Each structure stands twice: as structure tokens, then as C-alpha cells.
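# Observations on the three-dimensional arrangement
Chain residues, written in single-letter form:
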There are 2 protein chains.
Amino acid sequence: VPTKPVKEKEISFEERAEITNNKMAKKLFQIMSLKQSNLCFSADVESFDLLLKLADEIGPNICILKTHIDILNDFNMDKVQELVNLSIKHNFLIFEDRKFADIGNTVKSQYSGGVYKISQWSNFVNAHSIAGSGCVQGLKEAALQYDEPKGCLLIAQLSCKNNLIDKTYTEKTVKLAEEHSDFIFGFICQNKLTDNPGFIHITPGIQFNENNGMSDNLGQQYTTPEMAILQNKCDVIVVGRGILKSENPAETALKYKNTAYEAYLKRLNL
Amino acid sequence: VPTKPVKEKEISFEERAEITNNKMAKKLFQIMSLKQSNLCFSADVESFDLLLKLADEIGPNICILKTHIDILNDFNMDKVQELVNLSIKHNFLIFEDRKFADIGNTVKSQYSGGVYKISQWSNFVNAHSIAGSGCVQGLKEAALQYDEPKGCLLIAQLSCKNNLIDKTYTEKTVKLAEEHSDFIFGFICQNKLTDNPGFIHITPGIQFNENNGMSDNLGQQYTTPEMAILQNKCDVIVVGRGILKSENPAETALKYKNTAYEAYLKRLNL
């Protein structure tokens, strides 16, 4: 009688919080478990005041707020402090989607310096793996000056059309993450890349409605929450325009939150 | 008698200014030819006041000043205007080394918006080709609102250790540049990638003195000006720390300028 292959056991966010040694990953898994949310809201607006309004409305339903600090036309440090206060009030993490992609010496300054001082207020950032270990090392050196945990995700795959990432690039990215697992705690990706339960898989380009058009006119392509969590086995979905362009963003965010968390529970019990 | 292979004729910067249809490339080749300079100064300092002082001192000897606007701790728009004034006074171009690397919709906002408003004051920028044509298209859309020429270089190779770029990636980058040659006018690279005379090859990680150490402690690796121009057939050398850390930056810049231009003349006459 042929034996049925043993199914790899899915581990809950709660268990993964226990297993990992990475303090940033631990904190995120704990929030996800407590708030029953694996939704990241991508706040791609050009008004910081609007971002703060949205963060307060949507904050209760998300584990992560993703920012592009460098597209805000009314930036100042007082508003950053308001955002940090909201992240404490609603218990979400701030992820600055900076996509660092330079040599170590440069990214170190870009992360901690300039007008934005990203290292001061973001819980974590991301980086392209393209520049190799020096880039990760440079960011890590800047992060080490803080008492609270700071972390970084590596971009292992992209959601946009005709991007230049191939299988080898993705594999090298996973290897780079493993070599720096004290700082790197996961991936921006399209599907699960490793069984190491400490690494979190965060996937952008998510929308409910395929009829909204599965791409924008600049090559972005969309996947549904269920596909991302159940089929592609990612942990966290990133939703931007799907929430922003809806009539009631707070209500829509709640729908995304519930759908994504139910998909996760379904995957756990499969 | 075996025939000697016909040597491909090297074309001067002046001739290349005539040949190209890309207005940004034309402007740069004209400056290089007029100032007899193929030196780009990488002004990686954290003080904008110091950057302005250096730009005024070194300006006469360079064709390009490369900035990382996001590492300056005393940024404001008045200082940007001073930098633009210096670029006119000394006839050099401002290259913001932003390394855009996101989807088109995002880079478009990052290029034109936020605190830095890079598209307003930079002559050209660069982008990683990793996100594909959408990224280039997004930047191009933002550039189109200006009357004066704006341009972009694609990063086809990197100088730092263990970077993830392979031959296929570089080839796809050249192809992407060819498809957008109205906006993309060259490469950040380690060696010449195409015989198309309209594309300029700009190479970072250059220092005279190999004894200074051929790397920093964050994985940057260095090449000499002669190797870059004669052996690797690049057009413009980028020098940062080699000038910044010297006792007399202006005098050192002049030496780099002369060495690099003589190497170019030698290559023309080989």
C-alpha cells in the first residue's frame, strides 16, 4: 500500500512568536495573534494629515502600516510623532517601504540621516538584496544604536510586470536573509520561500476585486487575499489602493482583515 | 597572410553629442567635451553647507556632481537653489543618485513629490532596472512635465562585493535602456556594455591609490581611473572618498580630472 506523504504541519503565528529569536519578528507575530490580523495597510497618500486620519480609522484592524515617507508633501517631525502615537494607541507596527538598494556606507546614512531619519520612528524597513551583504550590514549598524527592536525585510520577488528577478536571485536572497537572521526577519514576496518559521512572508499587490482590473497602467499586477494566503502561503497581505479607493476605507479594511485571517485559519486547519 | 582584425573605431564625446537624439546625453557630452572632463564628483557628505563649498571649489573640474540628497542633515530648498546656481556657474550637471527601485506609481511620486522634489532640481537620476519597464515609465511621466531635458541612468552592474547582479540581469538592463532611449541615456556599470554611442557608461568605486585599501569595511571595492577608462572602456569615473578624504579636495579633483581625460584621449588614439 503506497503511504500518503506526511503533510508538513502549519504553525500558528502564536507558536512562531515563541520559536523565533528575532525580536522584531516576535513582536509582529504577537500583534498578529492578539489582533487576529494579518493585514498591512499601504498608506500611499501624499497628505500626511490624511495618512494620520486613515491610520486612526484603520489602525484597529491592521498589524502593520506601510509608509512611503518620501511622497508626503506636508511632512514634518511632529506629524511623525503623531503617527508613532497612533501606532502605540492601536498596536500596529510602522514599516517604511524605502527599498534601500545601495552600498552599505550609503544606506547607513540614508536610513538614519537626512530629513526623514527613518531609523528613529520606523519599526522596520525593507531592502533590495541586489547590493548583497554590505547593504544589510550597513542598515544593521545603524539599527544597533536603538534599544527597541528594529528589523528589515528583503525583497525576494516583485509583483510588477516584466520585473528582472529570477529564481536564482530569489534563492540568493533567502540565503542572505539566513545569514543575517538577527536583523532580517522576512521577505517581500509572491509566495512562501522557506519553511523556517521565523521568517515572515509579506505580499503586496492584493485586491479583492479582479474586475477592478488586475493591473494599473504602470505595470502593477494584483492577486486576491485568498490566493495570497491559501495558494501562495504568504503570511501578511499588503493592501493599498483596494482600501484607499473604496467608499469607506475603514469598513473595507475590516473586510480585508477578516478575509485574510480566515484564509490563514483555513490554512492552519487544512 | 592572416589579416589583422579591423579595430572598431572609438568615437569622441564631441561626435557622440552630435549623433545622439537624447537631449540629456547631448548636453552631457557637450559639457564633457567643452570642459575636457569626464569626472563625476560624488559629494557624499552630511552637511549641505559643506557640499556647496565643495561644489564651488571642485565645480570647474567636473562634468557631473552626484548627490545623495537624503543624507543631508541641514537640507532646505534655498540650499538646493544655491546648488543649482553653482551648477550653472561652473557648467556641471546634478545627478541625484536615488536608485529608484519600486513600481511605476510609487517612483513617480518619489521622484516629483515629498520634501525633496528631486525632479525639480536634478538634471538626471538613476534607477535599478529590477522593477522593469513600469518603473522607467513612471519616472518618465514625471519628467515629461519639464521643458528642460531630464534623464535617467539604469544600474546595470554594481561595484560592491557579493552583489546579486548576473550577466542575464545586465543584458536585460541594456535591452530595457534601448526600449526607453528617449529617457534612459546610459548606465551605472563596471565596463562598457553596448557600442551604441548614445549611451554613456558611468562607473563608481574609483580611487587612485590601491594602497588606500581596495575596499571599505562595508564591501565597497575600488578600481583606478586608468583601469576604468582604458581597460573597462567606461566614459565617466565617479570619485567620492578619493577626493573627500584627501588633504586638498580641489587639487585632488584636478588630478583625477586630468588622469581620466588623458586615459580617454589615449583610448581614442589607440
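Scroll up to find the structure.
Residues numbered from 1 in each chain as written. Chains lettered and ligands numbered in written order. Predicted model: local features only at pLDDT ≥ 70, side-chain atom pairs only at ≥ 80, totals over all residues. Heavy atoms only, no water.

Each side of the interface is counted separately: chain B has 48 residues, and chain A has 48 residues. Interface area, chain B with chain A, both sides summed: about 3900 Å², of which 56% is carbon and sulfur. Interface area lost by chain B to chain A is led by B:Ile130, B:Leu164 and B:Leu218, which between them contribute 21%. Viewed at the interface, chain A and chain B are joined by four salt bridges. With a shortest N-O distance of 2.9 Å, B:Arg98 and A:Asp70 are connected by a salt bridge. Between the two partners, chain B and chain A, sit 16 residue pairs in polar contact (both at pLDDT 80 or more). Elements that contribute at least two residues to the side of chain B that touches chain A include exactly strand 3 (93-100), helix 5 (104-112), helix 7 (133-143) and helix 8 (167-179) of chain B. Of the residues in the side of chain B that touches chain A, the class split is 15 nonpolar, 20 polar and 13 charged. (Contact = heavy atoms within 4.5 Å. Buried area = accessible area lost by both parts, 1.4 Å probe. Salt bridge = Lys/Arg side-chain N within 4 Å of Asp/Glu carboxyl O. Polar contact = N/O pair within 3.5 Å; in protein donor to acceptor, adjacent residues only side chain to side chain. Helix = DSSP H or I, 4+ residues; strand = E, 2+ residues; numbered from the N terminus. Nonpolar A, V, L, I, M, F, W, Y, C, P; charged D, E, K, R; others polar.)

Attention now goes to the environment of B:Thr20. Residue and element names in this part refer to chain B. Along the polypeptide, Thr20 turns up in the loop between helix 1 (13-19) and helix 2 (23-35). Using a relative accessible area of 7% as the deciding quantity, one classes Thr20 as buried. Along the backbone, Thr20 and Ile94 are 74 residues apart, and their C-alpha atoms lie at a distance of 20 Å. Residue contacts for Thr20: discarding those within four places in its chain leaves Ala25, Lys26, Phe29 and Gly198. (Buried < 20%, exposed > 50% of the residue type's maximum accessible area, 1.4 Å probe, protein only.)

Time to look at the sheet that holds strand 5 (residues 151-155) of chain A. Residues and elements named next belong to chain A. Spatial strand order, 1-2-3-4-5-6-7-8: eight strands in a closed barrel with parallel pairing. Direction aside, the axes of adjacent strands within the sheet are offset by 30 degrees on average. For strand 7 (residues 200-203) and strand 8 (residues 236-239), the ladder comprises two bridges, and the chain directions are parallel. Considered in strand 8, the bridge of Thr203 is made with Ile237. (Pairing = 2+ DSSP bridges. Axes fitted to C-alpha atoms, helices over the stretch in contact; angles between N-to-C directions.)

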